[in-house]
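These are the residues of each chain, in order.
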Amino acid sequence: MPHGLAIDKQNDYYTTDVGSHQVIKWSLSHGYHFNEILGSLSQVFALGEKFVPGNDQKHFCKPAGVAVTVDGSIFVADGYCNNRVMKFDRNGQFLTEWGKSSYNSMGVIANLQHLGTFSLPHDIVANNDGSLLYVTDRENARIQIFRSDGQAVSQIVNPANTEAFGNIFSTDYYGTTFIMLSINDTLYFIPGRQHNGLPISIFSAHAKAARVQYSFQPTNHPFNRPHTIRVSKDGRYIYVGELGENGGRVLQFMINRDGDKVGGDINSALELLHFPVASTSQLQLQIPATLLVVFIALSLLIFFAYKRKFMQVGKQYSVLNRAGFKPLRTDDSDTSSDDSDDDIISSPQRGNNRF
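Cut-offs and rules
Residues numbered from 1 in each chain as written. Predicted model: local features only at pLDDT ≥ 70, side-chain atom pairs only at ≥ 80, totals over all residues. Heavy atoms only, no water. Salt bridge = Lys/Arg side-chain N within 4 Å of Asp/Glu carboxyl O. Helix = DSSP H or I, 4+ residues; strand = E, 2+ residues; numbered from the N terminus. Buried < 20%, exposed > 50% of the residue type's maximum accessible area, 1.4 Å probe, protein only. Pairing = 2+ DSSP bridges. Axes fitted to C-alpha atoms, helices over the stretch in contact; angles between N-to-C directions. Core = buried A, V, L, I, M, F, W, Y, C linked by side-chain atoms within 4.5 Å. Domains from an automatic or database assignment. Contact = heavy atoms within 4.5 Å. 1 Å grid on protein atoms, 1.4 Å probe; cavity = no way out; pocket = protein on both sides within 12 Å on 5 of 7 lines; lining within 4 Å. Points joined across faces, edges and corners; volume = space filled by probe spheres on them. Nonpolar A, V, L, I, M, F, W, Y, C, P; charged D, E, K, R; others polar.

Student: Mind showing me how you'd approach the pattern of salt bridges here?
Tutor: Throughout the structure, instances matching the rule amount to nine salt bridges. Between E139 and R193 there is a salt bridge, with its nearest N and O atoms 2.8 Å apart. Separated by 54 residues along the polypeptide, E139 in the loop between β12 (132–137) and β13 (142–147) and R193 in the loop between β16 (181–190) and β17 (202–206) bring together distant segments of the chain. For E139, a relative accessible area of 26% puts it in the partly exposed group.

Student: Could you clarify how one ought to interpret the sheet that holds strand β14 (residues 152–156) in this entry?
Tutor: Strands belonging to one sheet form pairs held by backbone hydrogen bonds; the direction of such a pair is parallel or antiparallel. Ordered in space as β11-β12-β13-β14, the four strands form an open sheet in which the pairing is antiparallel. Because the sheet does not close on itself, it has two edges, and the strands there are β11 (121–126) and β14. Between one strand axis and the next, the sheet turns by 20 degrees as a mean value, whatever way the strands run. Pairing of β13 with β14, which is carried by four bridges, proceeds in the antiparallel orientation.

Student: For this particular structure, what's the right way to read the nonpolar core?
Tutor: In this structure, Y134, I143, I156, F165, L187 and F189 are the most contacted members of the largest nonpolar core, which totals 17 residues. When residues of this core are traced back to their parent elements, those giving at least two are β13, β16 and β17. Composition of this core by domain shows at least three residues from each of domain 1 (1–157) and domain 2 (169–257). Beyond its immediate chain neighbours, meaning those up to four positions away, I156 contacts A141, R142, I143, I145, L187, F189, A205, A210 and V212.

Student: Before we go on, may I ask you to explain empty space enclosed by the protein in this structure?
Tutor: Vacant regions in the atomic arrangement are exposed by a probe of water-molecule size rolled over the atoms. If you walk through the whole model with that rule in mind, you get one cavity of 30 Å³ or more. Taken as a whole, the largest cavity spans an internal volume of roughly 50 Å³. Forming the boundary of the largest cavity are A164, F165, P191, R193, Q194, H195, L198, P199, I200, S201 and F203. Its residues assigned to classes, the lining of the largest cavity shows seven nonpolar, three polar and one charged.

Below, the structure is given as structure tokens:
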């Protein structure tokens, strides 16, 4: 039973299968038949042993989500049984893993405040350069943020003094890069169940600030068991996949970033709720440390270059001009002594001092 899906930059597909306990890489080939484009999937490799659950480096137990970064690294949210994240290289070789259950042996949540503890890591996505991972900690109602080596960074939780959501099923990242500057780093996420009687909404959070900004939901057709959310590459559209009691459906929403407006289809009105934080329409610019160092180095080089130039065009001195110099004294003085102690200042010693 396929559950999670990721696509790499070569347009290869990765799926998690909670029925076979595997993660499979697929290659898509195209063909033509009577001017129709036909595609077929062929398996490249499979991680995990088919129909054999486990918790070691070669087995999964109902893996939920998968992400692939620009360097080909594969990250698996092995969530339904094992509460961990596993990392593999582009060829499927195991590299590392991290995570443990938030529950103690008595079945009570004991480590909710600690990053790296999970209650069903259900989805996982990466930012554009693959340096950060965002893992939905489903039943703990938070998104945990990690570096690609597993080091915990931060988390996204309910806004202060609110309980807007009680679970998070899925999330996706959208961001753009302009001359090494990160712009519009946004996470969209969605719960799968109602909380405190509130309708299910899509939430927007600033990825770097790790804060929820606003939410929205259809008013005419409420969400019915949403399970996954994805954003188009250009950031214009959001897609929500539902399970539903009478069969699944996919909903499309359009984002207008000029005014943080959200639009649905013609038959669906939308309700937009803002939280008291910074707006996504403001560009979030950050200067990388490397760029700052290069700027300072260039400034220093220009300064010293001009300083040297001005010194060269100043007054010229001849090395043969002895005017102003006094001859060195060469005779020895009987009254001088290199062993004189006159310049030594002595002071009485004090006892019982410790340094």
